[in-house]
Amino acid sequence: MAQKGRYCKAYPIFRFRSFTGWSENKQNMRKDKQQIDGKEVVVQRELTDSDFLYLQENFVVTDDIFIDENIVFDQVTPEWIEFCKNTLAFEVPSYEPIPSPASQAAANS
């Protein structure tokens, strides 16, 4: 079953392609369904510069929001991480836990 990470951010693919070490694992792209001669067939998705991919919290790039499927780029190097942080301004936000009403009531007692 597909697994969602805690955070991912969509970028147009041309932003990723500006990284000198970028390569795409095209066989892991999502598949598209098309009607050909009245039959529905599954075809390999072709990416253009206007398509979006997802940068996951672990710096892997996917062709969907799930962290463990359709992995397009997984060559996570220090240079790639630096590119993501400095050029793409990618940062996983830190979320503060929201106290539940029960914990607030206990704290006020």
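Residues numbered from 1 in each chain as written. Predicted model: local features only at pLDDT ≥ 70, side-chain atom pairs only at ≥ 80, totals over all residues. Heavy atoms only, no water.

Going through the model one piece at a time under the given rule, you end up with 4 salt bridges. Between Arg6 and Glu57 there is a salt bridge, with the nearest N and O atoms lying 3.6 Å from each other. Placement of the pair is Arg6 in the segment before strand E1 (8-12) and Glu57 in the loop between strand E4 (52-56) and strand E5 (61-62), with a sequence separation of 51 residues. Residue classification places Glu57 among the partly exposed residues on the basis of a relative accessible area of 21%. Of the charged contacts in the structure, one is a salt bridge between Asp63 and Arg30, with a shortest N-O distance of 3.5 Å. (Salt bridge = Lys/Arg side-chain N within 4 Å of Asp/Glu carboxyl O. Helix = DSSP H or I, 4+ residues; strand = E, 2+ residues; numbered from the N terminus. Buried < 20%, exposed > 50% of the residue type's maximum accessible area, 1.4 Å probe, protein only.)

Regions with low pLDDT carry predicted coordinates that are not meant to be interpreted in detail. Looking at the protein chain, the pLDDT average stands at 88 and 93% of residues meet or exceed 70. When mean pLDDT is taken per element in the protein chain, helix H2 (residues 78-86) scores highest with 97 and helix H3 (residues 101-108) scores lowest with 66. (pLDDT = per-residue confidence, 0-100.)

Bringing the environment of Lys9 into the picture now. Along the chain, the position of Lys9 falls in strand E1. Expressed as a C-alpha distance, the spacing of Lys9 and Asp49, which sit 40 residues apart in the sequence, is 17 Å. Sequence-distant contacts of Lys9, defined by excluding residues within four places in its chain, comprise Leu53, Tyr54, Leu55, Ala89 and Phe90. (Contact = heavy atoms within 4.5 Å.)

One finds Phe16, Trp22, Leu53, Leu55, Val61 and Trp80 to be the most contacted residues of the largest nonpolar core, which totals 18 residues. Put simply, the parts of the chain that give this core at least two residues each are helix H1 (13-17), E4, strand E6 (71-73) and H2. For this core, the element with the highest residue contribution is H2, accounting for 3 residues. (Core = buried A, V, L, I, M, F, W, Y, C linked by side-chain atoms within 4.5 Å.)

Burial runs low along strand E3 (residues 39-44): only 0 of the 6 residues are buried. Two elements, strand E2 (residues 31-36) and E3, share 6 bridges in a ladder whose sense is antiparallel. Looking across to E3, one finds that Lys31 is bridged to Gln44. Where E2 hands over to E3, the hairpin turn is made up of 2 residues, of which Asp37 adopts a positive phi near 50°. (Pairing = 2+ DSSP bridges.)

Let us look at the environment of Asn28. With respect to the helices and strands, the residue Asn28 is situated in the loop between H1 and E2. Not counting chain neighbours up to four residues away, the residues in contact with Asn28 comprise Asn70 and Ile71. At a separation of 2.9 Å, a polar atom in the side chain of Asn28 contacts the main-chain carbonyl oxygen of Ile71. (Polar contact = N/O pair within 3.5 Å; in protein donor to acceptor, adjacent residues only side chain to side chain.)

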